[in-house]
Amino acid sequence: MPTPKRGQASIEITAPPASVYDLVANITRMGERSPECYQCEWVGDFHEPVVGARFRGHNRMGLLRWSTTCQIVTADRGREFAFTVVHEKNDRESTRWRYCMSAIGTGTLLTESFEFVWCPLPSRIGELFLPRGRVLREGVSKTVERIRAVAESEVTHADDSESPHR
């Protein structure tokens, strides 16, 4: 099945948007949340989540392993964090990833989305044999669930440490 053009998953999180943003924008911890990306590291001159900063993501799907270079395109704390995967050989954009945060009564509505832009021919041929669409759809759902678990755990721990009865 070819890669879907786009997909998304949303989840309500009992934590403020700025806290959720800080989790999402900490790319060095992305491997703890993503079922596909197991490690990220900064590359280039910037080592913080600012527009233009680049990082390398190391990914796996079954026995397959690959790395991608990503560039941050939006870094609006508490509102949106977005990056694009750029093709190594020609710096062409291949996939856009966005995390949008909206304040709601109980905390934050987080939406993770992806938009497929371009793929080189060898990768397209490989997709004929891999369940890429299913993997991406399941991945965004798992990622937002993991972000919620961490965010709500951190809010609970912060509340416990501020309690006078502790």
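**A look at the sheet that holds strand 4 (residues 64-76)**
Pairing between sheet strands relies on hydrogen bonds along the backbone, with the strands arranged either parallel or antiparallel.
Next, step 1: As summarised here, the arrangement of the seven strands in space is 1-7-6-5-4-3-2, forming an open sheet in which the pairing is antiparallel. Since the sheet does not close on itself, it has two edges, and those belong to strand 1 (6-13) and strand 2 (37-43), each with one partner. Adjacent strand axes in the sheet meet at a mean angle of 20°, parallel and antiparallel pairs treated alike.
Next, step 2: Both strand 3 (residues 54-61) and strand 4 contribute to a ladder of eight bridges, which runs antiparallel. By the bridge assignment, Phe 55 is partnered in strand 4 with Cys 70.
Next, step 3: Against the sheet, helix 1 (residues 17-25) contacts strand 1, strand 4, strand 5 (80-86), strand 6 (93-104) and strand 7 (107-116), and its axis sits at roughly 160° relative to strand 6.

**Focus on the pairing of strand 5**
Next, step 1: Most of strand 5 is tucked away: seven of the seven residues are buried.
Next, step 2: What you see with strand 5 is no split at all: Glu 80, Ala 82, Thr 84 and Val 86 on one side and Phe 81, Phe 83 and Val 85 on the other are buried throughout.
Next, step 3: Relative to strand 5, strand 4 runs antiparallel, the two being bridged by seven bridges. Paired with Asp 76 across the bridge in strand 5 is Glu 80.
Next, step 4: Connecting strand 4 to the antiparallel partner strand 5 that follows it, the hairpin turn spans three residues, and Gly 78 within it adopts a positive phi of roughly 85°.
Next, step 5: In this structure, strand 5 lies alongside strand 6, joined through seven bridges in antiparallel fashion. Residue pairing in the sheet places Ala 82 in a bridge with Arg 98 of strand 6.
Next, step 6: Remark: six residues form the turn of the hairpin made by strand 5 and strand 6, two consecutive strands paired antiparallel; Asp 91 in that turn has positive phi of roughly 60°.

**Some remarks on the pattern of salt bridges**
Next, step 1: Counting across every chain of the model gives five salt bridges.
Next, step 2: Put simply, Asp 22 and Arg 77 hold a salt bridge, and the shortest N to O gap is 2.6 Å. Of this pair, Asp 22 sits in helix 1 while Arg 77 sits in the loop between strand 4 and strand 5, placing them 55 residues apart in sequence.
Next, step 3: Given the relative accessible area of 36%, Asp 22 is considered partly exposed.
Next, step 4: Across the salt bridge formed by Arg 96 and Glu 115, the nearest N and O atoms sit 3.3 Å from each other. Of the two residues, Arg 96 is situated in strand 6 and Glu 115 in strand 7; the sequence distance between them amounts to 19 residues.
Next, step 5: Overall, Arg 96 belongs to the partly exposed group, its relative accessible area being 33%.
Next, step 6: Put simply, Arg 6, Arg 96 and Glu 115 are held in one network by salt bridges that share partners.

Rules of the game
Residues numbered from 1 in each chain as written. Predicted model: local features only at pLDDT ≥ 70, side-chain atom pairs only at ≥ 80, totals over all residues. Heavy atoms only, no water. Pairing = 2+ DSSP bridges. Helix = DSSP H or I, 4+ residues; strand = E, 2+ residues; numbered from the N terminus. Axes fitted to C-alpha atoms, helices over the stretch in contact; angles between N-to-C directions. Contact = heavy atoms within 4.5 Å. Buried < 20%, exposed > 50% of the residue type's maximum accessible area, 1.4 Å probe, protein only. Salt bridge = Lys/Arg side-chain N within 4 Å of Asp/Glu carboxyl O.

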